[in-house]
Amino acid sequence: MRRRDFIYLTGIGAGAMALPSLNSYGNTIDVQRALEGIDVSLKKQLADAGLNTAKSAGASYADVRIGRYLNQFVITRENRVINVANTESFGVGIRVIANGCWGFAATNEVTKEGIAKAAQRAVAVAKANAKLGSAPVQLAPQKGYGEVSWKTPIEKNAFEVPIKDKVDLLLGTNAVAMNGGANFVNSMIFAVNEQKYFASTDGSYIDQDVHRLYPTFTVTKIDAASNSFETRRSLSSPVGMGYEYLTPLADQKISSITPLYKQRYDMLEDVKFATTQAAEKVKSKSVEPGKYDLVLDPSHLWLTIHESVGHPTELDRVLGYEANFAGTSFLTLDKWKSGNFAFGSKNVNIVGDKTQVGSLGAVGYDDEGVACKKWDIIKDGILVNYQAIRDQAHIIGLKESQGCCYAQSWQDVQFQRMPNVSLQPGKTPMAVNDMIKNVEKGIYIIGDGSFSIDQQRYNFQFGGQLYYEIKNGKIVGMLNDVAYQANTREFWNSCVAVCDERDYRLGGSFNDGKGQPSQSSAVSHGSSTARFNGVNVINTKRKIG
């Protein structure tokens, strides 16, 4: 059998096990198995076994999560396939409150007997914790929803698309880059399907089918004369969508100095521009350090939002309960209680939102059975709220959870995770060209790059993919070696304009880390292009001395 036919028929490439940390995603399976479902009535019977056992053992509250987590990787480099793999992780997590404390246990024995044993272990853990606990858990009230369901509104299930089609797209992408003069190129498609069933003693039985997709590439160009190289990564976004994201649509593209994409992505077009731009970067002018007005595209700004707004408004970081992955938060409760803490300028309106269609964080209900919603975090520049779940809501005077609880798998306990956190578009009509024409000395930044932020989420530095110098309202050429430095409050108070909703786009992280043991989640951050005045820019190539 030819290798190409083997990939098409089985979905398992010969090098599948070479994928880093593949075992953390589950067991490798045939692609056809990923399309099999589990009857929802059976899930309810299994969940009831856990709930009833937990109550009989002394739990005052219990929830059961039956999770089937499917992942597919298709990875290529130049003219060859590096990996094709499909993985499945299937099991049950049970969380309880007994004697006022939390307990958790998980099992991959998905039978009534196995789930009952896990429920007993969870209650035993809670009772043991209660001997050391200082105050009982306070859960915000939550009504039961009965039997309900939710599904990502996809048009084409990525797992139903033949591996051959994905390989052809990726190798075609690579061919465009190599034919255009690239020295190296790698590309991949990563698809996720979370089949999650939640049941609780509140009376909820929630069945959800969640889909995510991430196509990406990196082009590398070497300049032998200068003994240097440059890369340009794709301007795609990881999305809460199906394979339809990879079907280009003209009305979902923004014409700029390079094509920019909304709810559809043209991988072949993007790689063509990327190959040319990687070569341009090698020979581009190195930036002169100083103060610049920055025009930041959503493909770049999402990461700044994520690190300087998303993480510091997580209530567990604010309270000091969470310090992994860059520490706690400078946004302490006293700032929120003052009611007038100017986090940013009046142009800065930032919301938490787990309902936005196409976003990575969109679900119907979170992992403790709360219907998801949208709420203000920064309103007209003022800090007005945080991100809180059921056992945190009372701390900030909320009567209900904000619906942002998540666990990366059935075997991990759920905890507070960032919702989609997004900068709202400006209300005054403004396109990117309108914004640029009023900039005398500035830099237009597209795409995300390296970053650094301190242990209070306050002082930071961010780079990007593409940098263009602006002089007297016009783009005059490409720059290189750019990074900007600021503190969070100074930066967001320098925001003088945000383009309108026509420019609004989502960026995001497919794997955002938090917690100990670490868990990963997927989260989007939306914005329109925004302008920040007088920001300090450094040259990342220059050395001291």
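Conventions used here
Residues numbered from 1 in each chain as written. Predicted model: local features only at pLDDT ≥ 70, side-chain atom pairs only at ≥ 80, totals over all residues. Heavy atoms only, no water. Salt bridge = Lys/Arg side-chain N within 4 Å of Asp/Glu carboxyl O. Helix = DSSP H or I, 4+ residues; strand = E, 2+ residues; numbered from the N terminus. Buried < 20%, exposed > 50% of the residue type's maximum accessible area, 1.4 Å probe, protein only. Axes fitted to C-alpha atoms, helices over the stretch in contact; angles between N-to-C directions. Parallel < 35°, antiparallel > 145°, perpendicular 65-115°, else oblique. Left-handed = near helix turned anticlockwise from the far one by under 90°. Contact = heavy atoms within 4.5 Å. Pairing = 2+ DSSP bridges.

Draft legend 1. Spatial organisation of the pattern of salt bridges. Tallied over the entire structure, the rule returns 32 salt bridges. Between Asp 202 and Arg 390 there is a salt bridge, and its shortest N-O distance comes to 2.9 Å. Of the two residues, Asp 202 sits in the loop between β6 (184-200) and β7 (204-223) while Arg 390 sits in the loop between β15 (382-383) and β16 (405-406), which places them 188 residues apart along the sequence. Because the salt bridges share partners, they merge into one network encompassing Glu 194, Lys 196, Arg 212 and Asp 367.

Draft legend 2. Just unusual backbone geometry, in detail. Cis geometry is adopted by the peptide bond preceding Pro 517, which originates at Gln 516 and carries an omega value of 0 degrees. Along the polypeptide, Pro 517 turns up in the loop between β24 (505-514) and β25 (519-527). A positive phi angle, near 55 degrees, is found at Asn 99, a position not held by glycine. Among the structural elements, Asn 99 can be located in the loop between β3 (80-98) and β4 (101-107). Looking at Asn 99, the relative accessible area reads 56%, which means it is exposed. A positive phi angle is found at Asp 380, which is not glycine, with a value near 50 degrees. Residue placement: Asp 380 occurs in the loop between β14 (374-379) and β15.

Draft legend 3. Inspection of the packing of helix α4 (residues 163-179) against helix α5 (residues 267-283) at higher detail. Interhelical geometry of α4 versus α5 gives an angle of 25 degrees and a closest axis separation of 8 Å. As far as their axial angle goes, α5 and α4 are roughly parallel. In terms of crossing hand, the pair formed by α4 and α5 is right-handed. In contact with Leu 169, Leu 170, Gly 172, Thr 173, Val 176 and Ala 177 of α4, α5 contributes Met 267, Leu 268, Val 271, Lys 272 and Thr 275.

Draft legend 4. Inspection of the sheet that holds strand β13 (residues 350-353) at higher detail. Strand order in the open sheet formed by four strands is β15-β14-β13-β18, and the pairing between neighbours is antiparallel. Two strands in the sheet have a free side with no partner beyond their single neighbour: β15 and β18 (420-423). In the sheet, β14 pairs with β15 via two bridges, with the strands oriented antiparallel. Bridging from a neighbouring strand, Lys 379 pairs with Ile 382 of β15.

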